[in-house]
Amino acid sequence: MNFNSLTTNETQKDLISIAEKSENSAHWSVSEILSLLDAPFNDLMYRAQCVHRQYHDANGVQLSTLISVKTGGCPEDCGYCPQAARYHTGVDNQDMLALDDVVSAAAAAKAKGASRFCMGAAWRGPKQRDMDKMTEMVRAVKALGMETCATLGMLKPGQAQQLGEAGLDYYNHNLDTAPEFYEEIITTRHYQDRLNTLQEVRNAGINVCCGGIVGMGETRQSRAGLIAQLANLNPYPESVPINHLVQVEGTPLYGTAALDPLEFVRTIAAARITMPKAMVRLSAGRQEMSEAVQALCFLAGANSIFYGDKLLTTGNPETDRDRALLDKLGLHAL
Ligand code: SAM
Ligand code: DTB
Ligand code: SF4
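Given the structure is predicted, the values throughout are model-derived calculations rather than measurements.

A. Representation of the packing of helix α9 (residues 220-231) against helix α10 (residues 261-274) within the structure. Close contact between α9 and α10 brings their axes to 10 Å; oriented N to C, the two are set at 25°. The angle between α9 and α10 falls in the class roughly parallel. Here the hand of the crossing between α9 and α10 comes out right-handed. Taking contact as the criterion, the partners of R220, R223, I227 and A231 in α9 are, on α10, E263, R266, T267, A270, A271 and T274. Across the contact of α9 with α10, the residue classes break down as 4 nonpolar, 2 polar and 4 charged.

What follows is the structure in structure tokens.
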């Protein structure tokens, strides 16, 4: 399907048939998603809004707060990441946070209006002693009445189940990019490793939070390839974080040519159309984004953000600023 060769009415008809298809969670080819990304911007946004309003509160935004429970010193070589030990980024290898500190940060996030608390660790994957501490943290945060999320790297058989038994609601594990571009970004693990962990999470009955990063020098085709991978997971993830690369000095991806912000917006719209029931999170990169671009992301179907002054090691807009933006746009916290 080539949207550029169609009249506006034909384009809209085709976009509508794509939306109908998405309801049935059918298989998405990379070229179908590329057609979405290639569509006239207004048509794409219109379609994304139609899907969004069919499945979600049109003006609701879910707020998740992040904490890094184990920062730096990671053995992996992810080209975007300031926490990889091998890059000189000024992020040091730190000890794991104490339980009390995590619980008080979660309580503070709840008091500011966050509904979910996501605990991240700079590991290839957790060791058994880490699992003991993590399950304690999950239990304690859950006891505050918050949704819990963790992102700890690759999981071995049985580990997801332990987290689920402790009360973990979501596990975040990103595919990051399309399979063909993956090896240019990460060599210390494979795409299939990521898919295996996602399957462990599914089998344990934990909600899947899985997305990727754009702005790493990938092509539009690779952005389509990432969305296809996510949309074709069966079932597709409940939560889809779309991160804009935060360029950190010292990482291999520092200095990558800037992505046109409207490409980011298009990627959000494609995620919304192909994964209609998912919460699509406008994730990393908001601090560097104008309010106008963020507003377009919400219009494209993003309905979740990271809320709190920090992501894991890099900055995020101040909560007061975010509150002001939500107010200005007439959006409310879910
Ligand atoms: N170590 C675990 C792992 O990689 O699965 C969990 C933490 S890791 C920091 C979580 C995710 O953060 C990565 O998969 C990546 O998508 C995202 N991320 C890391 N650095 C980033 C950056 N500079 N810009 C945007 N997203 C980033
Ligand atoms: C996700 O997709 N994005 C978050 C969260 N999951 C863990 C992480 C963003 C990290 C940005 C770089 C940093 O702050 O270190
Ligand atoms: Fe380690 Fe995760 Fe960073 Fe990769 S993204 S270097 S696995 S902390």
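That shown, we press on.
B. Spotlight on unusual backbone geometry. Cis rather than trans, the peptide bond between N234 and P235 has omega equal to 0°. Despite not being glycine, D176 shows a phi value in the positive range, around 70°. As for its position among the elements, D176 is in the loop between β4 (170-172) and α7 (179-182).

C. Here's a closer look at the site of ligand 1. Taken together, 16 residues sit near ligand 1, with Y80, A121, N174, D176 and V246 positioned nearest. Note that an oxygen atom of ligand 1 is positioned 3.2 Å from one of the side-chain N or O atoms of R194. Measuring from a nitrogen atom of ligand 1, one finds a backbone N or O atom of V246 at 3.0 Å. Taking 560 Å² as the accessible area of ligand 1 by itself, protein coverage stands at 91%.

D. Representation of the nonpolar core in the model. In this structure, Y80 and M119 are the most contacted members of the largest nonpolar core, which totals 88 residues. Among the nonpolar cores identified, the runner-up in size contains 9 residues, and C118, C149, F306 and L311 belong to it.

E. Quick look at the pattern of salt bridges. Taken as a whole and judged by the stated rule, the model has 11 salt bridges. We note a salt bridge from K142 to D169, for which the minimum N-O separation is 3.0 Å. Of this pair, K142 sits in helix α5 (residues 128-143) while D169 is found in the loop between α6 (159-166) and β4, placing the two residues 27 residues apart along the sequence. One salt bridge connects E238 with R202, and the closest N-O pair in it is separated by 2.9 Å.

F. Spotlight on the site of ligand 3. Close to ligand 3 lie C74, E76, C78, Y80, C81, A84, A122, W123 and R189. Residues belonging to the shell around ligand 3 are distributed by class as follows: 7 nonpolar, no polar and 2 charged.

G. Structural detail: α5. Given a rise of 1.5 Å per residue, 16 residues ought to cover 22 Å, and the 23 Å separating the end C-alpha atoms of α5 matches this to within 8%. Looking only at α5, the buried set comprises D130, M131, M134, T135, M137, V138, A140 and V141. Backbone geometry just after α5 places G145 at a positive phi near 90°.

H. Structural context of the packing of helix α2 (residues 30-38) against α9. Packing of α2 against α9 brings their axes to within 8 Å, and their N-to-C directions diverge by 120°. With respect to their mutual orientation, α2 and α9 come out oblique. For the crossing formed where α2 meets α9, the hand is right-handed. On α9, the residues touching V30, I33, L34, L37 and D38 of α2 are R220, Q221, R223, A224, G225, I227 and A228. Tallied by class, residues from the contact of α2 with α9 come to 7 nonpolar, 2 polar and 3 charged.

Parameters at a glance
Residue positions are counted from 1 within each chain, in the order its sequence is given. Chains and ligands are labelled sequentially in the order written, the chains with letters from A and the ligands with numbers from 1. The predicted origin of the model limits local features to residues at a pLDDT of at least 70 and limits the giving and counting of side-chain atom pairs to 80 or more, whereas totals for whole chains, interfaces and linings rest on all residues. Each side-chain value is derived from all of the structure's non-hydrogen atoms; neither hydrogens nor water enter the calculation. Every angle, taken between N-to-C directions, lies between 0 and 180 degrees, and every axis is a line fitted to C-alpha atoms, over only the stretch in contact when it is a helix. In DSSP terms, a helix is any run of H or I states spanning at least four residues, a strand is any run of E spanning at least two, and both are numbered starting from the N terminus. Here the word oblique covers every angle except those under 35 degrees (roughly parallel), over 145 (roughly antiparallel) and from 65 to 115 (roughly perpendicular). Crossings are classed by handedness, with left-handed meaning an anticlockwise turn of the near helix from the far one by less than a right angle and right-handed meaning a clockwise turn. A contact between two residues is defined here by any heavy atoms of the two lying within 4.5 Å. Classification used: nonpolar for Ala, Val, Leu, Ile, Met, Phe, Trp, Tyr, Cys and Pro, charged for Asp, Glu, Lys and Arg, polar for all others including Gly. Residues are labelled near a given molecule or strand when at least one of their non-hydrogen atoms is within 4 Å of it. Each polar contact in these results corresponds to two N or O atoms within 3.5 Å; when the atoms are within protein, one needs to be able to donate a hydrogen and the other to accept it, and residues that are neighboring in sequence are counted only if both atoms are side-chain atoms. Accessibility throughout is a Shrake-Rupley quantity obtained with a 1.4 Å probe, and a residue counts as covered only by protein chains that appear here. We call a set of buried Ala, Val, Leu, Ile, Met, Phe, Trp, Tyr and Cys residues a nonpolar core when their side-chain atoms join them within 4.5 Å. Categorising residues by exposure relies on relative accessible area from a 1.4 Å probe, with only protein chains included: less than 20% of the type maximum marks a residue as buried, more than 50% marks it as exposed, and the intermediate range marks it as partly exposed. Here, a salt bridge means any side-chain nitrogen of Lys or Arg that lies within 4 Å of a carboxyl oxygen of Asp or Glu. Here, expected helix span is obtained from the residue count minus one, scaled by 1.5 Å.

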